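Chain by chain, the residues run as shown.
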Amino acid sequence: MPYMWISCNNQPQYIPVCIGSTGVTAADYMTQPFILRWGIISTGRIANCFVTDLLVDPKTRNVTDVVHKVTAVGSRSVQSAQKFITEYAKGDQSIKAYGSYAGVYADPNVNAVYIGTPHTLHYENALDAIKAKKHVLCEKPVTTNAAELRSLLAAAKEHGVFFMEALWTRFQPLTLEVKKISESGVLGAPLALQADLSDNFQIDKLPKTHRILDPALGGGALLDLGPYPLIWAILALYEHPANQGAAPSNVSGTMLKTPLTGVDRNTSFTVTFAERGLAAQAILSCNLNVHGHQTGVVIRYEKGTIAIAAPIYCPKSFTVQYLEGDKVTKEETRRFEYVGNGWHFQADEVARCVRDGKSESSLWGHDKSLVEMGIFDEVRRQGNYKFPPGVEKVV
Ligand SMILES: NC(=O)c1ccc[n+]([C@@H]2O[C@H](COP(=O)([O-])OP(=O)(O)OC[C@H]3O[C@@H](n4cnc5c(N)ncnc54)[C@H](OP(=O)(O)O)[C@@H]3O)[C@@H](O)[C@H]2O)c1
């Protein structure tokens, strides 16, 4: 079995896990798997991580109802597309290399497009793909602002295609398990959450044109690292049934900018959910100039705590403490292992949604990306971080 739980007394228990919104049914085992044909836009660091995982045999993670095939790679240079296929797609000669992104959008052998360009290009790349009637999986942050996202969602609806932000953490088996415990009621209501994602990028040694530093590429901590602390707040608080889908009642943020280029180097923000049946607050932070710490996420409930180990974008273990008053009555640690690095679970979700004719995922649906981008807009507004004119294509 692909996933393993280890309880605190270190007795391994092997369990099968159903993945994705539709799960695996008996009927799926009797039919041929659905093949999703992917076109890859750009050949940077994250595109190679995604494709490497896409090519891991789904059976290694107990998935038999969908498979993935890379059919095209588009880059600003055809040499780069060819090199990418050689290095990350086992030199598969059947994959078409294009020296433009447009070639991928026009390729009839592509069903779904994965977009791995810098943030500020997501809007135009996704729009072009949607207009070509391709389903879209677009890297985080899905756009530079909420207005761009609303425009993309309208276009996806008009052209009848599936659209999803590639918030891969949301689809990992550990995350599904945390959600199950969180919503089971066994710990009571969530009250407070803290999450941080930091990395020492050594920004003083980077060129100012690097995407993390360049305001024209949406640089800074918030848009690059911020989605990860926020995804845990969205999972544990926004998605909690007691919240009844309410948007945050308050968002408060502060930014410390680097004098190098003026992008946010250190950003902290609080998100409060107190509109309906929940009264809970998340304290979130992201930094470009300090290393991360071991406990990435702590979620405190009325009757216990869930602590999720770093790295919070792809954690491999979490610990649940059950409390009576201040006394810990039980503690359980769960670990998860699988072949690959965790990017493939979101791809399985896309394949199932496309197969089932859905326009959005029930795990990371459009409403959640809209909540995310609305929060980022507000934190940037309070932090007075404006992108250069023309960067935001819709305002
Ligand atoms: N999910 C995750 O774990 C994760 C991790 C890191 C980053 N990301 C996200 O993925 C996106 C890309 O990040 P990355 O680290 O992969 O960046 P990267 O290594 O710089 O790659 C970006 C690619 O985009 C293409 N591109 C097109 N126009 C560009 C321009 N003006 N400047 C630079 N590149 C341009 C280039 O590919 P071609 O030359 O082939 O066209 C480039 O290789 C970002 O939005 C980031 O937030 C996600």
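Just so we're clear, the structure is a prediction, and the values are computed from it rather than from any experiment. (Residues numbered from 1 in each chain as written. Predicted model: local features only at pLDDT ≥ 70, side-chain atom pairs only at ≥ 80, totals over all residues. Heavy atoms only, no water.)

Further remarks concern the overall build of the protein. A tally of regular secondary structure across the protein gives eleven helices and 16 strands. Expected size for 395 residues packed as a compact globule is a radius of gyration near 21 Å; at 21 Å, the protein falls within 12% of this value. Projecting the C-alpha coordinates of the protein onto the three principal axes gives extents of approximately 60 × 55 × 40 Å. In the protein, which comprises 395 residues, the share counted as buried stands at 55%. When contacts within the protein are restricted to residue pairs at least 6 apart in sequence, those whose partners lie at least 24 apart make up 71%. Approximately 16200 Å² of the protein is accessible, and the part contributed by carbon and sulfur atoms is 52%. Of the charged side chains in the protein, 39 are positive and 38 negative, and the gap between their average positions amounts to 2 Å. (Helix = DSSP H or I, 4+ residues; strand = E, 2+ residues; numbered from the N terminus. Rg over C-alpha atoms; globule rule 2.2 N^0.38 Å. Buried < 20%, exposed > 50% of the residue type's maximum accessible area, 1.4 Å probe, protein only. Contact = heavy atoms within 4.5 Å. Areas by Shrake-Rupley, 256 points an atom, 1.4 Å probe, with all protein chains shown as cover. Lys, Arg positive; Asp, Glu negative; His and termini not counted. Charge placed at Lys NZ, Arg CZ, Asp CG, Glu CD.)

With that out of the way, let us pick up the layout of surface pockets. Rolling a probe over the atoms, with the probe sized like a water molecule, indicates the empty space that remains. In this structure, the largest pocket occupies an estimated 1100 Å³ of space. Every residue lining the largest pocket is counted, 40 residues in all, and those nearest its centre are Arg45, Ile46, Lys140, Arg211 and Asp224. Elements with a contribution of two residues or more to the lining of the largest pocket: helix H2 (45-54), helix H5 (119-131), strand E9 (190-198) and helix H8 (221-225). When its residues are assigned to classes, the lining of the largest pocket shows 16 nonpolar, 16 polar and eight charged. Split by domain, the residues of the lining of the largest pocket number at least three in each of domain 1 (26-168) and domain 2 (173-335 + 366-383). (1 Å grid on protein atoms, 1.4 Å probe; cavity = no way out; pocket = protein on both sides within 12 Å on 5 of 7 lines; lining within 4 Å. Points joined across faces, edges and corners; volume = space filled by probe spheres on them. Nonpolar A, V, L, I, M, F, W, Y, C, P; charged D, E, K, R; others polar. Domains from an automatic or database assignment.)

A word on the pairing of strand E16 (residues 327-335). Note that strand E15 (residues 317-324) and E16 share eight bridges and pair antiparallel. The residue bridging phenylalanine 318 from the neighbouring strand is arginine 334, located in E16. From the end of E15 to the start of E16, which pair antiparallel, there are two residues, and glycine 325 there has a positive phi angle of about 65 degrees. (Pairing = 2+ DSSP bridges.)

This brings us to the packing of aromatic side chains. Applying the stated criterion to the full structure yields eleven aromatic pairs. With centroids separated by 5.7 Å and ring planes inclined at 65 degrees, the aromatic side chains of tyrosine 228 and tyrosine 313 adopt a geometry described as edge-to-face. Placement of the pair is tyrosine 228 in helix H9 (residues 227-238) and tyrosine 313 in the loop between strand E14 (304-309) and E15, with a sequence separation of 85 residues. Residue tyrosine 228 is classed as buried on the basis of its relative accessible area of 8%. (Phe/Tyr/Trp six-rings, centres within 6.5 Å; stacked < 30°, edge-to-face > 60°.)

Attention now moves to the packing of helix H7 (residues 173-184) against H9. At their nearest, the axes of H7 and H9 sit 10 Å apart, and the two run at 35 degrees to each other. Handedness of the H7/H9 crossing: right-handed. Within the contact between the two elements, H7 uses Leu174, Thr175, Val178, Lys179, Ser182 and Glu183 and H9 uses Trp232, Leu235 and Ala236. By residue class, the composition of the contact of H7 with H9 is five nonpolar, two polar and two charged. (Axes fitted to C-alpha atoms, helices over the stretch in contact; angles between N-to-C directions. Left-handed = near helix turned anticlockwise from the far one by under 90°.)

What follows covers helix H6 (residues 146-159). In a regular helix each residue adds 1.5 Å, so 14 residues correspond to 20 Å; H6 covers 20 Å between its end C-alpha atoms and thus fits that length. Listing the buried residues of H6 in full gives Ala146, Ala147, Glu148, Leu149, Leu152, Leu153, Ala155 and Ala156. Those residues of H6 that are buried lie in contact with H5, strand E8 (163-165) and helix H11 (366-382). By the N-cap criterion, in which a side-chain oxygen at the helix start approaches the backbone nitrogen of a residue two or three places on, H6 is capped by asparagine 145, the distance to alanine 147 being 3.1 Å. (Expected span 1.5 Å × (residues − 1). Polar contact = N/O pair within 3.5 Å; in protein donor to acceptor, adjacent residues only side chain to side chain.)

Glancing now at the sheet that holds strand E3 (residues 34-41). The six strands are arranged E5-E4-E3-E6-E7-E8 in an open sheet whose pairing can be described as parallel. For this open sheet the edge positions go to strand E5 (96-98) and E8, each flanked by a neighbour on one side alone. On average, each strand axis in the sheet is inclined to that of its neighbour by 25 degrees, with strand direction left out of account. In terms of strand pairing, strand E4 (residues 66-74) meets E5 through three bridges, oriented parallel. Paired with alanine 72 across the strands is lysine 96, a residue of E5. Along the sheet face, H2 touches E3, E4, strand E6 (112-115) and strand E7 (135-138) and points at about 165 degrees away from the line of E3.

Time to look at the domain arrangement of the protein. With domains assigned, the protein is organised as domain 1 (26-168) and domain 2 (173-335 + 366-383). Of note, the centres of domain 1 and domain 2, computed from C-alpha atoms alone, are 26 Å apart. Contacts between the two partners involve 17 residues from domain 1 and, on the opposite side, 19 residues from domain 2. When the two sides are added together, the surface that domain 1 and domain 2 hide from each other amounts to roughly 1700 Å², 65% of it contributed by carbon and sulfur. Here domain 1 and domain 2 share one salt bridge between them. Between aspartate 224 and lysine 140 there is a salt bridge, with the nearest N and O atoms lying 3.7 Å from each other. (Buried area = accessible area lost by both parts, 1.4 Å probe. Salt bridge = Lys/Arg side-chain N within 4 Å of Asp/Glu carboxyl O.)

Take valine 263: it is sitting in the loop between strand E10 (250-257) and strand E11 (264-273). Taking the C-alpha atoms as reference points, valine 263 and glutamate 275, twelve residues apart in sequence, are found 32 Å from one another. Contacts of valine 263, omitting those with residues within four sequence positions, involve Ile212, Leu213, Asp214, Pro215, Gly219, Gly220, Leu256, Lys257, Thr258 and Tyr385.

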